[in-house]
Amino acid sequence: MTGVRIVHAADIHLDSPLRGLNGFVKEDVAHQLRHASRQALKNLARLTVDEKAAALVLAGDIYDGDWPDYATGRFFAEQMDFLNEHGVRVFMAAGNHDAASVVTKAVRLPDNVTVLDVDKAETVIDEDLGLAVHGQGFATRAVTKNLALAYPDRVHGLVNVGILHTAVSGAEGHDTYAPCTPSDLLKPRYEYFALGHVHQRRVVNDGPWVAAFSGNLQGRHANETGPKGALVVDLDRDEPAVPRFVALDVARWERIEVDASGHGTFDEVLDAVETSLADARVAAQGRPLVARVTVIGTSRAAGALSDRERLVEEVRASGVRSGVTVEKAASHARMPQTGDHVDDRLIEAVLRRAEDLGHGSPLVDRLTAPLKRDFGRVLRKDSPLDLNDPAVLERITAAALHGLVAKLTTGEDR
């Protein structure tokens, strides 16, 4: 037998909390999100069986750190038992989050699971499958040595798979653990190198010896967007591997940009936002979707859109109607340079004058003096409108500016 099908996954971060969801997520969605990493792991086990894969290869960070209790390890073991019942072998190597020195608890894993050595690169051969698996896990969290240089050469006559948790050069935004170069991964001449650590799916070497990151199994915050899952890889001796991505995530994160160009009012922009949210919801294929919305472009609605509080509340209301949870909303929209509604010089003069209304402005002090004298005591008592608080004054003047610019540029009231 020369052909072997494997499933490659990494960075499961089992029981890791999803971040950035406080205060605005419905309870049913929050429940799904809290259990997303477990359900994604169940999806992975089921996929491996359904694809009739001979082996599951896990390239590190199965756990997010030391377990809060044994339930995390027990759940993982249950999924490995499921694979064992279906005759699937599992090969895994520790990463920085689940290094030998980090995870202090342990549960017994079934006989189908092989955990690779953390002291040196080793080779595990399964003659029945015609498979040689090479790899080394992390002994400590911060491995700065290039582990790939010590990986053994391929075993001739077998399909060879390497496993490595690494920051391959060019993986910006990730800690440089076990750093190596793409050429380092070519030297052992494995049919496939299964990589972990980088949460964005990426092919590092496309042939003849293929190396790839599967990405993480489940996005956990707004910087881990788009479909997440595993790679189903068909391998044949001395032939380039053929990886195929399968989405396994339970919930999804997206960054949605909405171009305000051509929309002259706040409501028109909001309609465009709602359309984009609905499209993203369809693309998520029934998964709970958490979105970060940014309005861009050039529009006369830019003044109204700069009222952040109003924008966030309106976009979140649009999200409710579209079935999308909106994490954040912001506008980077700009005013047009010219137009026939109002003289741009007037807008520029208003904005320049607004610079005089900052913290410690004599003009603001003069305007608020009568209010402080007549109403200050009342406003300070159990009220957020303390006129002696610079932050309160700044918020009031900013709101007034937004309203004035919106009225001048679009004719609409805030």
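See the structure shown above.
Cut-offs applied
Residues numbered from 1 in each chain as written. Predicted model: local features only at pLDDT ≥ 70, side-chain atom pairs only at ≥ 80, totals over all residues. Heavy atoms only, no water. Helix = DSSP H or I, 4+ residues; strand = E, 2+ residues; numbered from the N terminus. Buried < 20%, exposed > 50% of the residue type's maximum accessible area, 1.4 Å probe, protein only. Contact = heavy atoms within 4.5 Å. Areas by Shrake-Rupley, 256 points an atom, 1.4 Å probe, with all protein chains shown as cover. Axes fitted to C-alpha atoms, helices over the stretch in contact; angles between N-to-C directions. Parallel < 35°, antiparallel > 145°, perpendicular 65-115°, else oblique. Left-handed = near helix turned anticlockwise from the far one by under 90°. Nonpolar A, V, L, I, M, F, W, Y, C, P; charged D, E, K, R; others polar. Pairing = 2+ DSSP bridges. Expected span 1.5 Å × (residues − 1). Arc of directions from axis to C-beta. Core = buried A, V, L, I, M, F, W, Y, C linked by side-chain atoms within 4.5 Å. Polar contact = N/O pair within 3.5 Å; in protein donor to acceptor, adjacent residues only side chain to side chain. Salt bridge = Lys/Arg side-chain N within 4 Å of Asp/Glu carboxyl O.

A. Seen up close, the overall build of the chain. Broken down by element type, the chain carries 10 helices and 15 strands. Here the chain holds 414 residues, and 51% of them are scored as buried. Contacts in the chain between residues at least 24 apart in sequence constitute 70% of all its contacts with a sequence separation of at least 6. A total of about 19,600 Å² of accessible surface is found on the chain, and carbon and sulfur atoms cover 50% of it.

B. View of the packing of helix α2 (residues 36-50) against helix α3 (residues 70-85). Relative orientation of the contacting elements α2 and α3 amounts to 15 degrees, with a least axis distance of 9 Å. Relative to α3, α2 is oriented roughly parallel. Of the two elements, α2 crosses α3, and the hand of that crossing is right-handed. Together, Arg 38, Leu 41, Lys 42, Ala 45, Arg 46, Thr 48 and Val 49 of α2 and Ala 71, Thr 72, Phe 75, Phe 76, Gln 79, Phe 82 and Leu 83 of α3 make up the contact between the two elements. Of the residues assigned to the contact of α2 with α3, the class counts are 8 nonpolar, 3 polar and 3 charged.

C. Structural detail: the sheet that holds strand β3 (residues 89-92). Taken in spatial order, the 6 strands line up as β4-β3-β2-β1-β11-β12 in an open sheet, and their pairing is mixed. Lying at the two open borders of the sheet, with one neighbouring strand each, are β4 (113-115) and β12 (242-247). Ignoring which end each strand starts from, the neighbouring axes of this sheet average 20 degrees apart. Sheet analysis places strand β1 (residues 4-9) next to strand β2 (residues 55-58), joined by 4 bridges and oriented parallel. Residue pairing across strands places Val 7 opposite Leu 56, the latter belonging to β2.

D. Representation of helix α5 (residues 266-283) in the model. With 18 residues, α5 extends 26 Å between its outermost C-alpha atoms, agreeing within 8% with the 26 Å of an ideal straight helix rising 1.5 Å per residue. Buried within α5 are the following residues: Phe 266, Val 269, Leu 270, Ala 272, Val 273, Leu 277 and Ala 280. In an axial view of α5, the angular spread of the buried residues amounts to 160 degrees, which keeps them on one side of the axis. The exposed set on the far side of α5, more than 90 degrees from its buried face, consists of Asp 271 and Val 282. On its buried face, α5 sits against β13 (252-259), β14 (289-296), α6 (302-305), α7 (308-322) and β15 (325-331). Looking one or two places after α5, you find Gln 285, whose phi comes out positive at around 55 degrees.

E. Representation of the nonpolar core within the structure. Of all hydrophobic cores here, the largest spans 54 residues; its most connected members are Leu 44, Leu 58, Phe 76, Leu 83, Leu 164, Leu 185 and Leu 195. Residue assignment for this core shows that the elements contributing at least two residues are β1, α2, β2, α3, β3, β8 (192-196), β10 (210-213) and β11 (229-235). By residue number, the principal contributor to this core is α2, which donates 7 residues. Leu 289, Val 293, Ala 304 and Leu 305 belong to the second largest nonpolar core, which has 26 residues in total.

F. Just the side chain of Glu 224, in detail. Relative to the helices and strands, Glu 224 is located in the loop between β10 and β11. Taking relative accessible area as the criterion, Glu 224 reaches 7% and is therefore assigned buried. Reaching out from Glu 224, the side chain makes a polar contact with the backbone nitrogen of Arg 220 at a distance of 2.9 Å. Beyond its immediate chain neighbours, meaning those up to four positions away, Glu 224 contacts His 199, Asn 216, Gln 218, Gly 219 and Trp 253.

G. Representation of the packing of α5 against α7 within the structure. The geometry of α5 relative to α7 is characterised by a closest axis approach of 9 Å and an angle of 40 degrees between their N-to-C directions. By the angle between their directions, the pair α5 and α7 is classed as oblique. Here α5 runs over α7; the crossing is right-handed. In contact with Phe 266, Leu 270, Val 273, Glu 274, Leu 277, Ala 278 and Arg 281 of α5, α7 contributes Arg 310, Leu 311, Glu 314, Val 315, Ser 318, Gly 319, Arg 321 and Ser 322. For the contact of α5 with α7, the class distribution of residues is 7 nonpolar, 3 polar and 5 charged.

H. Region of the structure containing the pattern of salt bridges. Considering all chains together, one arrives at 16 salt bridges under this definition. Residue Arg 5 is joined to Asp 234 by a salt bridge in which the shortest nitrogen-to-oxygen separation is 2.6 Å. Here the residue Arg 5 occupies a position in strand β1, and Asp 234 occupies one in strand β11, the gap between them amounting to 229 residues. Within this structure, Arg 5, Glu 51, Asp 234 and Arg 244 form a network of salt bridges that share partners.

I. Focus on the environment of Trp 67. Structurally, the position occupied by Trp 67 is in the loop between β2 and α3. Take Trp 67: its relative accessible area is 5%, and that puts it in the buried class. Spatially, the C-alpha atom of Trp 67 lies 9.9 Å from that of Ser 16, the residues being 51 residues apart in sequence. With residues up to four places along the chain from it excluded, the contact list for Trp 67 reads Thr 72, Gly 73, Val 103, Lys 105, Ala 106 and Val 107.

J. View of the sheet that holds β8. Taken in spatial order, the 6 strands make up an open sheet running β5-β6-β7-β8-β10-β9, and their pairing is mixed. The sheet is open, and its two borders are formed by β5 (122-126) and β9 (202-206), each paired with just one other strand. Across the sheet, the mean angle separating the axes of adjacent strands is 15 degrees when strand polarity is ignored. Across 5 bridges, the pairing between strand β7 (residues 159-165) and β8 is parallel. Along β8, the bridge assignment pairs Val 161 with Tyr 192.

K. Quick peek at unusual backbone geometry. In this structure, Pro 208 follows Gly 207 across a cis peptide bond, with omega equal to 0 degrees. With respect to the element layout, Pro 208 can be found in the loop between β9 and β10. Unusually for a residue other than glycine, His 13 sits at a positive phi of about 50 degrees. Within the secondary structure, His 13 is located in the loop between β1 and α1 (27-34). The backbone of Asp 238 shows a phi angle near 65 degrees, a positive value even though the residue is not glycine. Relative to the helices and strands, Asp 238 is located in the loop between β11 and β12.

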